[in-house]
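Fold and geometry: a report
Chain residues, written in single-letter form:
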Protein chains: 2
Amino acid sequence: MSGTLYGVGVGPGDPELLTLKAHRLITSAAVLAYPVNAEGYGFAQQIVGEFIQSESVHLPITIPMKTERSPARCAYDQAAKEIGVHLESGRDVVFLCEGDPFFFGSFMYLFERLNGTHTCKVVPGVTSLTACAAELGRPLAARNDVLKVLPAPLDANALSSELQNAQSAAIIKVGRHFEKVRAVLENLELTEQAWIVEAATNPHQTIRALNEVPEGERPYFSTILIYRGEEPW
Amino acid sequence: MSGTLYGVGVGPGDPELLTLKAHRLITSAAVLAYPVNAEGYGFAQQIVGEFIQSESVHLPITIPMKTERSPARCAYDQAAKEIGVHLESGRDVVFLCEGDPFFFGSFMYLFERLNGTHTCKVVPGVTSLTACAAELGRPLAARNDVLKVLPAPLDANALSSELQNAQSAAIIKVGRHFEKVRAVLENLELTEQAWIVEAATNPHQTIRALNEVPEGERPYFSTILIYRGEEPW
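Residues numbered from 1 in each chain as written. Chains lettered and ligands numbered in written order. Predicted model: local features only at pLDDT ≥ 70, side-chain atom pairs only at ≥ 80, totals over all residues. Heavy atoms only, no water.

1. Looking at the packing of aromatic side chains
Threshold: Each Phe, Tyr or Trp ring (for Trp, its six-membered ring) is paired with any other whose centre lies within 6.5 Å, and the angle between the two planes then decides the class: stacked below 30 degrees, edge-to-face above 60, tilted in between. In this scheme, a residue with accessible area under 20% of its type's maximum is buried, one over 50% is exposed, and one in between is partly exposed, where area comes from a 1.4 Å probe on protein chains only. Helix and strand definitions here come from DSSP, where helices need a minimum of 4 consecutive H or I residues and strands a minimum of 2 consecutive E residues; each element is numbered from the N-terminal end.
In the structure shown here, the tally under the stated rule is 16 aromatic pairs over all chains. Between Phe102 of chain A and Phe111 of chain A, the aromatic rings sit 5.1 Å apart at their centres with planes inclined by 90°, giving edge-to-face as the arrangement. Each member of the pair, Phe102 of chain A as well as Phe111 of chain A, carries the same accessibility label: buried. With a centroid separation of 5.7 Å and 35° between ring planes, the pair formed by Phe95 of chain B and Phe107 of chain B is classed as tilted. Taken as a pair, Phe95 of chain B in strand E4 (residues 93-97) and Phe107 of chain B in helix H4 (residues 107-114) lie far apart in primary sequence, 12 residues in all. The two residues Phe95 of chain B and Phe107 of chain B agree in class, both being buried. Put simply, the rings of Phe95, Phe102, Phe107 and Phe111 of chain A touch in pairs and so form one group of aromatic residues.

Following this line, the structure appears as structure tokens:
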């Protein structure tokens, strides 16, 4: 009997935002895999730290954080091979994913490599998208609003043209693209309706109106929410 | 001491997709409020049925399912008044929301009415958006994809123009708009990349390629996912 690979969303940061299903799978996992940076730190692992059982085997996967793809490809090939060994020995592997596995997550690269030959299941999680809106205390979208999720690395023209006809937008992965995004929003006169949420539901969360943010970069896990749909009734 | 109103996302249908936080609040709720239709049936209440404690007071809220707004407005005004009475007596009220409270949910109408005068908190939940992708086994969006969430009641031209430049799109609330949406997708030659997920994570869930769906309407809780981003690597 071959094991199953579970891609498990662990939510945006607050451990209480794990689903019951994620909690069950993590607390009973034979093998726990998770992405870590070059220093060995993994955000997903940190989120679920209190739930990890001492008998679980750990499989930290170092993913190079470069814009070139080939080092990351090699890392996923290698990780898929290691996970495959566990699966073929009949051990289930739980791969921890920040937020949701299929919402701009890296789990898909492992899924793509293993799904043809092994049983793979995806457990959805709370995304930072709705967590940011909850913490901000403003609806994300209502009724027939068009909602757009726009990665901040897109160029200014692409961002601008998408923002022109959206009632609601979330700009994700803000990081070093912050000033470019702010300039786009200023040109569209959207600054007054824009808020930035950093590290949503984490202990160091911050929420500010866009025009209160000092010049410079922001953390990677920052989201700018813009809402100009109809006001609620 | 005044009570707190919690808008709690209960996810797309599988009770195991509740968050630990939702579970804690629901199992300890003094007052449980939830939307019901004219027949007294409430989907959110059904999802969490097994977790409801016998001592919780129930506050079902009948929301008219009409396109005209004034009957719904009256219903929300009345519901806000009833919830307010509990809060002012020091009882917390947990309002159950399908999916996520601020993602096309109706909780925002109560939030708007009560947030100025009472303590209101929002607990995000798993949306049908990511649950559909998980069940389908295809990523929703990756890297710098633009992801659009488009309500099916939008007119064909609006849908068409938004779909022309999205790597990924989810068309929600399909229901009686199915054939209009299918025609738009056919015109854009997107039918081959489109899937429809009905009742995601519920016992009667179905998943089909769009070109396998017979003519006619679909249920309200149907989502069409279109993905034409770069393939994973």
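2. A look at helix H5 (residues 128-136) of chain A
Residues and elements named next belong to chain A. Burial within H5 is extensive, with seven of its nine residues counted as buried. Among the residues of H5, Leu129, Thr130, Ala131, Cys132, Ala133, Ala134 and Leu136 are the ones counted as buried. One or two steps after H5, the chain reaches Gly137, where phi turns positive at roughly 80°.

3. Brief notes about the pairing of strand E1 (residues 4-9) of chain A
Residues and elements named next belong to chain A. Operational definition: Paired strands, in this sense, are two strands between which DSSP finds at least two bridges.
Burial within E1 is extensive, with six of its six residues counted as buried. The alternating pattern of E1 places Thr4, Tyr6 and Val8 and Leu5, Gly7 and Gly9 on opposite faces, both of which are buried. Of the strand pairs in this sheet, E1 and strand E4 (residues 93-97) are connected by five bridges, and their pairing is parallel. The residue bridging Gly9 from the neighbouring strand is Cys97, located in E4.

4. A look at the relation of the copies chain A and chain B
Just so we agree on the cut-off: What sets the superposition is a least-squares fit of C-alpha atoms, and only residues with pLDDT of at least 70 in both copies go into it.
Under the fitted operation, chain A is carried onto chain B by 0.0 Å of movement along the axis and a turn of 180°, and the coordinates agree to an RMSD of 0.0 Å. Within this description, the copies of the chain are treated as partners about a two-fold rotation axis. For chain A, the smallest separation between a C-alpha atom and the rotation axis is recorded for Thr19 of chain A, amounting to 2.0 Å.

5. So, the sheet that holds strand E7 (residues 168-172) of chain B
What counts, and what does not: Here an axis means a line fitted to C-alpha atoms, over the contact stretch when the element is a helix, while the angle between two N-to-C directions is reported on a 0 to 180 degree scale. Should any heavy atoms of two residues lie within 4.5 Å, those residues are considered in contact.
In space, the 10 strands of this open sheet follow the order E9(A)-E8(A)-E10(A)-E7(A)-E6(A)-E6(B)-E7(B)-E10(B)-E8(B)-E9(B), with mixed pairing throughout. With one partner strand each, in any of the chains shown, strand E9 (206-209) of chain A together with strand E9 (206-209) of chain B form the two edges of the open sheet. Going across the sheet, the axis of each strand differs from the next one's by a mean of 15°, ignoring polarity. With respect to the sheet, helix H6 (residues 156-164) of chain A is in contact with strand E6 (147-151), strand E7 (168-172) and strand E10 (222-227) of chain A together with strand E6 (147-151) of chain B, its orientation differing from that of E6 of chain A by roughly 170°.

6. Here's the deal with the domain arrangement of chain A
All names here are of chain A. The condition that has to hold: Domain delimitation follows an automatic or database domain assignment. Once two parts are brought into contact, the accessible area they lose, counted with a 1.4 Å probe and summed over both, makes up the buried area. In protein, a polar contact requires one atom able to donate a hydrogen and another able to accept it; more generally it is a pair of N or O atoms within 3.5 Å, and residues adjacent in sequence count only if both atoms are side-chain atoms. For this scheme, ten residues count as nonpolar: Ala, Val, Leu, Ile, Met, Phe, Trp, Tyr, Cys and Pro. Four count as charged, namely Asp, Glu, Lys and Arg, and the remainder, Gly too, count as polar.
Here chain A is partitioned into domain 1 (4-123) and domain 2 (128-227). In this assembly, eight residues from domain 1 lie in contact with 11 residues from domain 2. Carbon and sulfur atoms make up 70% of the area that domain 1 and domain 2 hide from each other, which totals about 750 Å². Broken down residue by residue, the surface that domain 1 buries against domain 2 is led by Pro12, Phe103 and Phe104, which jointly contribute 60%. The tally of links between domain 1 and domain 2 comes to two residue pairs in polar contact (both at pLDDT 80 or more). Split into classes, the residues belonging to the side of domain 1 that touches domain 2 amount to five nonpolar, one polar and two charged.

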